[in-house]
Structures are given as C-alpha cells and as structure tokens.
Amino acid sequence: MVRRRIPRRWSVALWIAGALALSVGGLGLALVLSAPSPPAALASAVPPKEIPASWVSSEEPAADPRAARADEPAPGLAMPYTTAGTLALFANGKPFGEETYELRIADEGTTLTSSGRFWLKVVLVTARVAFEQTLKADSNLRPTSHVAQFHAPLGMDRSIRAAVAGDRFLVERSGKEEEIEVDRDRAFTLGTFSTYALLPHLFALRQKAGSASFQILMLGGPPSQEAGASPVMAVQYAGPARLVAGESVLGVDRDRISSAAGDSDLYARGAEFLAFRADTEDNALWVCRADLFPNGVEVVDDGPPSAP
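This part covers the overall build of the chain. Looking only at helices and strands, one finds two helices and 17 strands in the chain. Residues counted as buried form 51% of the 308 residues belonging to the chain. When contacts within the chain are restricted to residue pairs at least 6 apart in sequence, those whose partners lie at least 24 apart make up 57%. Here the chain has roughly 13300 Å² of accessible surface; of this, 52% comes from carbon and sulfur atoms.

On to the pairing of strand β12 (residues 232–245), then. Burial analysis of β12 places 10 of its 14 residues in the buried class, the great majority of the element. By the bridge criterion, five bridges tie strand β11 (residues 211–217) to β12 in an arrangement that is antiparallel. Looking across to β12, one finds that Ser-213 is bridged to Ala-234. Alignment of β12 against strand β13 (residues 248–259), held across 10 bridges, turns out to be antiparallel. Paired with Gln-236 across the bridge in β13 is Arg-256.

Unlike most non-glycine residues, Asn-92 shows phi in positive territory, near 50°. Of the residues examined, Asn-92 reaches a relative accessible area of 18% and is grouped as buried. Phi is positive for Ala-209, which is not a glycine, with a value near 55°. Looking at where Ala-209 falls in the secondary structure, it is placed in the loop between α2 (199–206) and β11.

Let's shift gears to the pattern of salt bridges. Proximity of charged atoms lets side chains of opposite charge pair with each other. One pass over the structure, following the stated rule, counts 14 salt bridges. Between Arg-289 and Asp-291 there is a salt bridge, with its nearest N and O atoms 2.9 Å apart. For Arg-289, a relative accessible area of 1% puts it in the buried group. A relative accessible area of 2% places Asp-291 in the buried class. What emerges from the salt-bridge pattern is a single network uniting Arg-254, Arg-256, Asp-263, Asp-265 and Arg-277.

Here we take up α2. Side chains of residues three or four places apart in an α-helix project in the same direction, reflecting 3.6 residues per turn. Counting buried positions along α2 yields six of eight residues, so the element is predominantly enclosed. Taken residue by residue, α2 has Leu-199, Pro-200, His-201, Leu-202, Phe-203 and Ala-204 as its buried positions.

Take the environment of Leu-89 next. Secondary-structure assignment places Leu-89 in strand β2 (residues 81–91). In this structure, the C-alpha to C-alpha distance between Leu-89 and Leu-285, residues 196 residues apart in sequence, is 7.7 Å. In contact with Leu-89, other than residues within four places in its own chain, are Lys-94, Pro-95, Phe-96, Gly-97, Glu-98, Phe-118, Phe-193, Trp-286 and Val-287.

What follows is about the nonpolar core. Judged by nonpolar contacts, the single largest core of 51 residues is most densely connected at Phe-193, Tyr-196, Leu-199 and Phe-276. Grouped together as the second largest cluster of nonpolar side chains are 16 residues, Trp-55, Leu-243, Leu-250 and Val-252 included.

What follows concerns the side chain of Arg-256. Among the secondary structure elements, Arg-256 is positioned in strand β13. Within polar-contact distance, the side chain of Arg-256 engages the side chain of Asp-265 at 2.8 Å.

This part takes up empty space enclosed by the protein. For the coordinates displayed, the defined rule picks out three cavities of 30 Å³ or more. Taken as a whole, the second largest cavity encloses approximately 80 Å³ of empty space. Lining the second largest cavity, in full, are Leu-135, Ala-137, Leu-141, Arg-142, Pro-143, Ala-187, Phe-188, Thr-189, Leu-198 and Leu-202. Among the elements of the structure, β5 (125–137) and β10 (187–189) are those that each provide at least two residues to the lining of the second largest cavity. For the lining of the second largest cavity, the leading source of residues is β10, giving three residues. Taken together, the residues of the lining of the second largest cavity sort by class into eight nonpolar, one polar and one charged.

Cut-offs and rules
Residues numbered from 1 in each chain as written. Predicted model: local features only at pLDDT ≥ 70, side-chain atom pairs only at ≥ 80, totals over all residues. Heavy atoms only, no water. Helix = DSSP H or I, 4+ residues; strand = E, 2+ residues; numbered from the N terminus. Buried < 20%, exposed > 50% of the residue type's maximum accessible area, 1.4 Å probe, protein only. Contact = heavy atoms within 4.5 Å. Areas by Shrake-Rupley, 256 points an atom, 1.4 Å probe, with all protein chains shown as cover. Pairing = 2+ DSSP bridges. Salt bridge = Lys/Arg side-chain N within 4 Å of Asp/Glu carboxyl O. Core = buried A, V, L, I, M, F, W, Y, C linked by side-chain atoms within 4.5 Å. Polar contact = N/O pair within 3.5 Å; in protein donor to acceptor, adjacent residues only side chain to side chain. 1 Å grid on protein atoms, 1.4 Å probe; cavity = no way out; pocket = protein on both sides within 12 Å on 5 of 7 lines; lining within 4 Å. Points joined across faces, edges and corners; volume = space filled by probe spheres on them. Nonpolar A, V, L, I, M, F, W, Y, C, P; charged D, E, K, R; others polar.

Right under this line is the structure:
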C-alpha cells in the first residue's frame with residue numbers, strides 16, 4: 001500500500017472559475033497562488049464531527065455506486081436527506097478559503113445554503129471576500145433557482161440571481177441580464193465549492209453503467225459561456241479508494257470528473273461528499289471536509305487508478 005499526499009499542484013480550471021469568478025472578477029485566479037497566511041478562526045477550528053465507525057474499515061466500498069449499504073441511506077435517491085459540513089480550500093498547499101453549508105433533499109424540493117470567505121493577496125494587500133449562496137432544485141435535483149452575493153473590497157461586490165423559465169435559465173449578474181438554454185435533466189449548477197456536495201446524489205440519479213454527462217451551469221463562470229451554450233462535464237465511477245485521517249483509514253468511492261478544463265477527482269462515502277482534487281503537473285487544488293478531518297486527510301493508492 002502506497003500513501004500519496006496530495007501533490008502541490010492545481011489547474012486553472014473551470015472548477016475554480018465557477019467558485020471565484022464572481023468574487024475576484026478581472027483580478028484573475030493567479031491571485032490564489034500568492035495567498036497570504038489565513039486569518040484567525042479558520043475552518044479547521046470548527047468543532048470536529050465523529051467519523052462514523054462504519055466508514056473506518058478495510059472493507060472497500062461497493063463497486064456499484066447505486067448500491068445501498070445497510071447502515072446508511074441509498075445515495076442520490078429522491079428521499080429525505082440532510083447533511084451539513086465545513087470545507088477547507090487549499091491551492092498549492094496554502095489555505096485560501098473556507099465554506100460552511102447545509103444540504104436538504106426532501107419530497108418538496110432540494111435546498112443548498114452556504115456561506116464562507118476567500119482571502120487573496122492583491123499586490124501588497126490581502127483582499128478578503130465573504131459570500132452567501134442559496135441553490136434550489138426539485139426532489140430529483142433539477143435546478144430551479146440560484147442566488148449568490150459576494151462582498152469584496154474596492155467596490156468589487158458581485159451578485160447573481162437565476163431562475164428557471166421553461167428550457168432556459170434567466171440570469172441577472174450584477175445588473176446585467178442574459179438567458180442560458182438548459183436541459184434540466186442534465187444540468188449541474190456550479191457555484192461555490194459546496195455545490196459539489198450535490199454531485200454524489202446527482203450522479204447516482206443520472207448515471208448509467210457508472211457514467212453520466214452533465215451540462216454545467218457556470219453562473220459565475222468564464223465569459224465564454226454565452227446564451228445557448230454551456231460546458232459539458234463527464235463523470236465516471238473510478239472505483240474504490242481510501243482516505244487516511246490520522247490513524248483512521250476510510251473506504252470511499254472515487255468519481256473521475258472530466259471536461260475541456262482537465263480531469264479532477266471527487267471522493268465520497270455513499271451520498272456524503274468528503275473531498276475534491278484538481279491538479280496538473282505544476283499546480284494543485286484540494287478541497288476537504290474540515291469538520292470531519294480537522295487535522296487534514298490524505299489519499300491512499302492501492303494500485304493504479306481505475307480507467308475513466
């Protein structure tokens with residue numbers, strides 16, 4: 001068994017663009033690379049949650065991502081499901097943000113609420129950006145609305161409101177209106193990083209033979225997303241994996257995410273999102289659950305990853 005720490009590399013990819021574009025605007029994602037020391041009251045200081053004993057086992061997750069375990073809900077089904085967590089965000093090993101979220105899935109609909117902050121170094125000044133977002137969908141995770149507010153210095157506040165009207169998302173970004181053609185059965189609304197907590201559920205609902213393809217609604221994304229055109233994201237079940245937190249080894253599922261921006265990996269236990277990684281040879285992005293892993297978490301490889 002080979003233990004592999006998260007490499008110090010990340011890609012300037014659409015994953016980060018979706019989370020940061022509204023907040024930093026034209027400043028660019030390169031600012032994250034010079035992130036200063038984090039402010040007080042980091043996400044890692046949140047009261048830790050106890051890792052369920054059923055997760056700590058040498059037994060690997062079921063190969064079929066639709067399979068239910070006796071001790072936890074079937075992932076991604078239209079059924080009551082509530083969870084909450086706090087994310088710690090790292091670029092090249094340096095913390096640059098935190099986010100706390102709550103996800104509720106019920107017969108009457110789905111709601112994801114979150115708040116958090118980024119800190120970025122702009123020349124010699126540390127810019128701190130606070131944000132709140134609310135994403136709503138129906139019980140089958142088809143998006144209905146999205147609202148986000150970013151509070152930044154120097155008059156760089158940003159806001160976004162989007163709502164479904166037929167086969168289109170009507171979007172208002174800081175006073176400018178546009179329309180995005182949407183296939184609600186394939187849509188994945190990419191906002192801040194907590195929106196990845198929806199992906200294990202969404203994948204379980206939409207996947208066929210371990211694969212699914214999604215239309216990404218990058219409501220804070222790059223200028224290239226125009227009305228009637230959205231990026232496509234493919235998700236493939238990539239087999240079981242293991243995460244190491246302290247002395248605990250956790251059996252988890254790994255999903256490979258592919259798009260024009262590159263590949264990334266999402267780690268989950270059933271329907272519960274645990275971590276996300278995007279990397280190239282030079283750069284790395286790592287997002288993990290600070291409430292479950294206050295002292296950090298590592299990936300363990302037992303051999304070559306499953307082919308995507």
